[in-house]
Amino acid sequence: MLRAIDTAPVLANDKFVRLLRQHKLKVTQPRLCVLGVVAAKDTAISQPELEKLLGNEIDRVTLYRVLATFEEKGIFHKIFDLHGTATYALCSTECDEHHHHDEHVHFICSACNSIYCLDDIKLPKINLPKGYQLNSVGINAVGLCAQCRSTTITK
């Protein structure tokens with residue numbers, strides 16, 4: 001009999017297969033690997049960090065293509081950290097290639113540069129002048145994450 005911990009990767013893989021098919025994407029091992037790594041993190045992740053975690057499983061060009069496709073299709077959204085590096089996080093299930101609905105605040109730690117999606121803090125509706133088109137809105141809160149704050153307090 002399989003224990004729950006043994007079936008977790010299989011269930012996650014099934015979820016990712018459904019997600020790729022929902023967005024009309026071919027199910028490939030590189031796409032499944034990237035989804036697995038990003039979904040396992042509680043912070044946004046950069047392409048260089050993904051490269052390190054994936055090792056030799058995916059070459060750099062394929063990784064760039066996967067990230068670009070996932071952003072285009074509404075699977076990932078991009079957030080820039082305090083150094084201007086693009087990081088990626090999973091989108092909500094409501095996102096698609098025509099519109100990202102991940103309109104929430106991002107918290108960036110000024111010490112470790114980690115980015116957290118604050119999904120519960122929604123952005124206000126933006127009323128634009130006639131003829132304008134809104135592509136994205138981003139609001140970042142900057143401070144210390146719990147781990148960096150506790151490290152600072154104990155020093």
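Scroll up to find the structure this text is about.
Residues numbered from 1 in each chain as written. Predicted model: local features only at pLDDT ≥ 70, side-chain atom pairs only at ≥ 80, totals over all residues. Heavy atoms only, no water.

J.: Sorry, what's going on with the pattern of salt bridges here?
T.: Opposite charge on two side chains makes pairing possible when the charged atoms of those side chains draw close. Inspection of the entire model under this criterion finds 3 salt bridges. A salt bridge links Lys78 to Glu71; the nearest nitrogen and oxygen atoms lie 3.6 Å apart. Look at Glu71 and you get partly exposed, because its relative accessible area is 26%. (Salt bridge = Lys/Arg side-chain N within 4 Å of Asp/Glu carboxyl O. Buried < 20%, exposed > 50% of the residue type's maximum accessible area, 1.4 Å probe, protein only.)

J.: Is there a simple way to explain the sheet that holds strand β1 (residues 45-46) in this structure?
T.: Where strands meet in a sheet, backbone hydrogen bonds hold them as pairs that are either parallel or antiparallel. Spatially, β1-β3-β2 is the arrangement adopted by the 3 strands of the open sheet, whose pairing is antiparallel. If you trace the sheet from one side to the other, it starts and ends with β1 and β2 (76-80), each paired once. Where β2 and strand β3 (residues 86-90) come together, 5 bridges link them in antiparallel fashion. Pairing of Phe76 across the sheet is with Leu90, part of β3. The strands touched by helix α4 (residues 60-73) are β2 and β3; relative to β2, the strand with the most contacts, the crossing angle is about 105°. (Pairing = 2+ DSSP bridges. Helix = DSSP H or I, 4+ residues; strand = E, 2+ residues; numbered from the N terminus. Contact = heavy atoms within 4.5 Å. Axes fitted to C-alpha atoms, helices over the stretch in contact; angles between N-to-C directions.)

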